[in-house]
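Tertiary structure, described
Here are the chains, one letter per residue:
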Amino acid sequence: MACMKLGSKSDVFYRDGQSWLCSSGLPSDIVIEVEETSFYLHKFPLLSRSRALGNLIGDSSDDERKGIDNKRCVLQLHDLPGGAKTFLLVAKFCYGVKMDLTAKNVVSLRCAAEYLEMYEESGEGNLVTHAETFLNAVFANWIDTIKALETCEEVLPHAEDLRIVSRCIDSLATKACSDQPLFSWPVSGRNAGQSPASTLVWNGLRTASKPQHVSDDWWYEDVSFLRLPLYKRLILAVGSRGMKPERIAGSLIFYAKKYLPLMGRQSNSQNGDHAGLQLNISASSEADQRILLEEIVELLPDHKGVIPTKMLLKLLRTSMILHASQSCRENLEKRVGTQLDQAVLVDLLIPNMGYSVETLYDIDCVQRILDHFMAVEKDVADTPTNCLVDEEQFLGIPQSLTPFTMVANLVDSYLAEVAPDVNLKVSKFQSLAAVLPTYSRPLDDGIYRAIDIYLKAHPWLTDSEREQLCRLMNCEKLSLEASTHAAQNERLPLRVIVQVLFFEQLRLRTSVSNWFFVADNDSQNPSGNLALPRNENAIQPASGENQIVRFDEMKERVFELEKECLGMKQEIDRIMKTKGSWNSFFKLFGLRLKMKSCEPKAAKKKCSAEVVPPASTTPLLNGKQDEAKAELAQ
């Protein structure tokens with residue numbers, strides 16, 4: 001830390017209770033009262049340095065001559081910047097006593113010198129000149145500038161008038177935006193003590209080791225000790241100098257974590273224990289934390305992705321606990337909405353902090369976030385052609401995920417998490433699920449799972465409400481596993497079960513037709529090239545071994561579908577006993593199933609159903625599919 005030594009005389013001041021006296025041997029002829037402390041001094045040293053004290057002493061002498069007061073001169077300086085502690089240093093300077101100018105006392109001394117008018121006119125080498133000279137040295141050092149800026153808060157109005165605050169902020173902003181290792185500014189002055197490992201010894205001399213690499217966040221901790229008004233001015237200053245938004249956002253988050261305890265105490269809120277969080281906030285500190293949070297949110301850069309979505313959701317949850325302003329919460333909701341595809345479920349489960357708590361989690365907040373996401377993504381291409389999901393998706397081949405698809409998966413998981421809440425209304429569930437377009441879900445397994453959980457937790461729903469819920473999913477886009485589960489799900493309306501079975505039969509017939517097409521193509525194509533009609537792209541020639549492997553895979557797939565079909569038929573037979581005849585249902589599909597009896601001796605063989613395909617494959621399939629869809633729609 002920089003230091004300037006002033007004066008050469010030994011200390012002649014000593015304390016007696018609430019008074020400071022001078023042991024020069026001469027009786028005191030003036031008493032200066034600062035706050036609750038009295039200084040018994042002599043007029044001549046003060047008159048030679050301070051024009052303001054000279055004027056006050058002159059006025060007091062006039063009163064003495066008029067007979068108003070014939071005792072010792074008494075002056076009161078209760079509004080002196082820095083108080084009694086600073087005036088003691090001023091008195092030492094006037095008496096020529098040794099004293100040290102440091103980064104922690106130079107600001108108050110500079111303000112006191114200005115207040116007492118200690119200019120060069122009153123004496124050469126006066127306190128104003130020495131203080132300004134030392135301030136310039138302080139501004140050249142990062143750590144000393146931080147300390148000087150902290151002390152400005154004690155004498156803020158005077159420091160503002162002398163532009164000490166602005167000069168400190170300009171110095172810090174310039175250094176923070178520059179290449180710190182290039183200029184070798186000290187880092188983390190709070191822990192500036194060198195460890196033995198950081199020095200090298202050469203011929204008995206201890207020297208500093210090579211400077212280590214410094215990350216972009218080297219200045220976060222140092223500036224976090226500033227109070228909010230000064231910290232805010234510093235952030236605005238570095239922003240005006242072109243600092244990267246990521247670094248500004250990092251400093252703001254660091255500051256928020258340090259002074260908002262709720263930012264690190266939100267694990268319990270995921271289990272709904274938000275009452276305990278409220279108890280941790282005292283009435284006096286809640287207002288301060290609310291102001292701090294609102295200021296931090298206002299300072300956040302308006303750039304997408306500079307702040308992790310997880311951190312934005314933490315800020316949003318904290319704003320609800322602290323009952324921050326509506327504009328603050330809307331700001332955070334919009335920021336989360338712009339990058340909702342980067343969120344995870346556990347962070348989206350925001351407890352309901354309203355005064356009239358209806359649901360466990362804040363559904364309305366997630367609804368608004370989702371609306372903001374849709375507003376941002378409104379320029380995405382229109383809905384593609386609505387067709388059956390490609391077979392690669394059913395076989396588990398990964399597809400590229402768009403933001404819409406990622407958000408759809410997130411919303412489906414969120415709906416499944418909040419669905420057990422008995423207070424969750426059907427309208428809110430539908431509204432949240434229907435925001436996203438249909439093409440955002442390649443498969444509807446997620447929304448089906450959420451609907452099933454909701455139906456299980458709300459058994460009192462009417463048939464019409466169940467129908468409305470099930471319209472949220474597309475039975476054509478259910479995977480084989482989900483279709484099998486839905487066909488046996490008694491909570492679903494009968495019409496939905498029929499649709500599931502219908503589309504599963506269509507999928508089965510399509511696979512069987514493709515299998516026969518491949519078999520015919522293989523027998524008529526001696527070159528060995530194998531082509532699947534569902535794939536419009538050209539198929540590369542396959543070797544004989546690859547043909548056998550793919551043919552076996554296709555046969556195995558057909559057998560699995562046949563077994564699933566058999567299970568569906570058995571389920572249908574069970575339903576027929578309670579819900580009437582389904583003969584028209586099978587006539588609609590146009591399939592004839594011949595069951596093979598399972599011999600008890602052949603226990604190792606699997607029972608299967610022989611599927612009798614139509615005479616022609618593809619033309620008949622397309623005609624039947626269109627006819628069945630039209631009849632089912634009626």
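Residues numbered from 1 in each chain as written. Predicted model: local features only at pLDDT ≥ 70, side-chain atom pairs only at ≥ 80, totals over all residues. Heavy atoms only, no water.

Here we take up the confidence of the model for the chain. Scored by pLDDT, the chain comes out at a mean of 76, with 67% of its residues at no less than 70. Mean pLDDT across the secondary structure elements of the chain bottoms out at strand β11 (residues 609-611), with 36, and peaks at helix α4 (residues 106-115), with 96. Within the model, pLDDT remains below 50 along residues 579-625, and this stretch shows 51 contacts once partners closer than five positions in the same chain are excluded. In this model, residues 627-634 is a region of pLDDT below 50 whose contacts with residues beyond four sequence positions or in other chains number 11 contacts. (pLDDT = per-residue confidence, 0-100. Helix = DSSP H or I, 4+ residues; strand = E, 2+ residues; numbered from the N terminus. Contact = heavy atoms within 4.5 Å.)

Taken together, the buried positions of helix α21 (residues 426-433) are V426, F429, Q430, L432 and A433. End-on view of α21: buried residues confined to an arc of 165 degrees, all on one side of the axis. Where α21 is buried, its residues contact α18 (363-376), α20 (403-418), α22 (445-457) and α23 (463-470). (Buried < 20%, exposed > 50% of the residue type's maximum accessible area, 1.4 Å probe, protein only. Arc of directions from axis to C-beta.)

So, about the environment of S427. Among the structural elements, S427 can be located in helix α21. Between the alpha carbons of S427 and L469 there is a distance of 9.3 Å; along the sequence they are 42 residues apart.

This part covers unusual backbone geometry. Its identity as a non-glycine residue notwithstanding, E117 has a phi of 55 degrees, on the positive side. Here E117 shows up in the loop between α4 and α5 (127-139). Note on E117: relative accessible area 23%, which makes it partly exposed. One non-glycine residue, H323, lies in positive phi territory at about 55 degrees. Considering the arrangement of structural elements, one finds H323 in the loop between α15 (309-321) and α16 (326-338).

We now examine the sheet that holds strand β6 (residues 73-76). With mixed pairing, 5 strands are arranged side by side in an open sheet as β2-β3-β5-β4-β6. Edge positions in the sheet fall to β2 (13-16) and β6, since each has one partner strand and no second. With strand direction ignored, the average angle separating the axes of adjacent strands in the sheet is 20 degrees. As paired elements, β2 and strand β3 (residues 19-22) share 4 bridges and run antiparallel to each other. Residue pairing in the sheet places Y14 in a bridge with L21 of β3. Along the sheet, helix α3 (residues 83-95) makes contact with β2, β3, β4 (30-34) and β5 (37-41), crossing β5 at roughly 10 degrees. (Pairing = 2+ DSSP bridges. Axes fitted to C-alpha atoms, helices over the stretch in contact; angles between N-to-C directions.)

By the element assignment, A113 lies in helix α4. Once the C-alpha coordinates of A113 and L127 are considered, the two residues, 14 residues apart in sequence, prove to be 6.1 Å apart. Once you skip the residues sitting within four places of it in the chain, A113 turns out to touch M118, L127 and V128.

To continue, consider the packing of aromatic side chains. The geometry of an aromatic ring pair comes down to the distance between the two centres and the angle between the two planes. Under the definition given, this model contains 10 aromatic pairs. Considering the side-chain rings of Y220 and F254, the 6.3 Å spacing of their centres and the 50 degrees angle between planes classify their relative orientation as tilted. One end of the pair, Y220, is in helix α10 (residues 220-223); the other, F254, is in helix α12 (residues 245-259), and 34 residues separate them in sequence. We classify Y220 as buried; its relative accessible area is 10%. One aromatic cluster is present, built from ring pairs that chain together W219, Y220 and F254. In this arrangement the basic side chain of K258 is found over the ring face of F225, its NZ or CZ atom lying 3.5 Å from the centre. (Phe/Tyr/Trp six-rings, centres within 6.5 Å; stacked < 30°, edge-to-face > 60°. Lys NZ or Arg CZ within 6 Å of the ring centre and 35° of its normal.)

Going through the model one piece at a time under the given rule, you end up with 19 salt bridges. With a shortest N-O distance of 3.1 Å, R227 and E153 are connected by a salt bridge. Here R227 is found in the loop between α10 and α11 (228-240), whereas its partner E153 is found in the loop between α6 (142-152) and α7 (156-161), with 74 residues between them in sequence. Relative accessible area serves as the criterion here: at 57%, R227 is assigned to the exposed category. For E153, a relative accessible area of 27% puts it in the partly exposed group. As a salt-bridge pair, D347 and K310 come within 3.2 Å of each other at their nearest N and O atoms. (Salt bridge = Lys/Arg side-chain N within 4 Å of Asp/Glu carboxyl O.)

Two successive antiparallel strands, β2 and β3, enclose a turn made up of 2 residues, where G17 displays a positive phi of approximately 65 degrees. Pairing of β3 with β5 involves 3 bridges; the strand directions are parallel. Pairing of W20 across the sheet is with F39, part of β5.

Now for the environment of D444. Tracing the backbone through its elements, the reader meets D444 in the loop between α21 and α22. Look at D444 and you get buried, because its relative accessible area is 3%. It is 8.8 Å that separates the C-alpha atoms of D444 and A482, two residues lying 38 residues apart in sequence. Leaving out residues up to four positions away in the same chain, D444 has contacts with L472, M473, N474, K477 and L478. A distance of 2.6 Å separates a polar atom in the side chain of D444 from the backbone nitrogen of N474. (Polar contact = N/O pair within 3.5 Å; in protein donor to acceptor, adjacent residues only side chain to side chain.)

Time to look at the side chain of R247. Its place among the elements puts R247 in helix α12. Those residues in contact with R247 that sit more than four places away from it in its chain are A176, D216, W218, W219 and Y220.

Attention now goes to the packing of α18 against α21. Two numbers describe a pair of packed helices, the interaxial angle and the distance between the axes. Between α18 and α21, the shortest axis-to-axis distance is 10 Å and the interhelical angle comes to 25 degrees. Taken together, the axes of α18 and α21 lie roughly parallel to each other. Like other packed secondary-structure pairs, α18 and α21 cross with a definite hand, here left-handed. Contact residues: I363, D364, V366, Q367 and L370 in α18; K428, S431 and L432 in α21. Of the residues in the contact of α18 with α21, the class split is 4 nonpolar, 2 polar and 2 charged. (Parallel < 35°, antiparallel > 145°, perpendicular 65-115°, else oblique. Left-handed = near helix turned anticlockwise from the far one by under 90°. Nonpolar A, V, L, I, M, F, W, Y, C, P; charged D, E, K, R; others polar.)

This part covers the state of the cysteines. Structurally, a disulfide amounts to a covalent bond that connects the sulfur atoms of two cysteines. Throughout the structure, instances matching the rule amount to 0 disulfides. There is no disulfide at C152, and the cysteine sulfur nearest it, in C168, is 4.7 Å away. Overall, C152 belongs to the buried group, its relative accessible area being 0%. (Disulfide = S-S within 2.5 Å.)

So, about helix α24 (residues 480-487). For an α-helix, 3.6 residues make a turn, and residues three or four places apart therefore share a direction. When you tally the buried positions in α24, you get 6 out of 8 residues, the bulk of the element. The set of residues buried in α24 consists of L480, A482, S483, T484, A486 and A487.

Here we come to the packing of α20 against α21. Here α20 crosses α21 at 165 degrees, and the two axes come no closer than 10 Å. In terms of axis orientation, α20 runs roughly antiparallel to α21. For the pair α20 and α21, the sense of crossing is left-handed. Along the contact surface, α20 presents V411, Y414 and L415, while α21 presents F429, L432 and A433.

Tracing the sequence through the fold places S38 in strand β5. Note on S38: relative accessible area 15%, which makes it buried. If near-sequence neighbours (up to four positions away) are discounted, S38 is found in contact with Q18, S19, W20, V31, I32 and E33.

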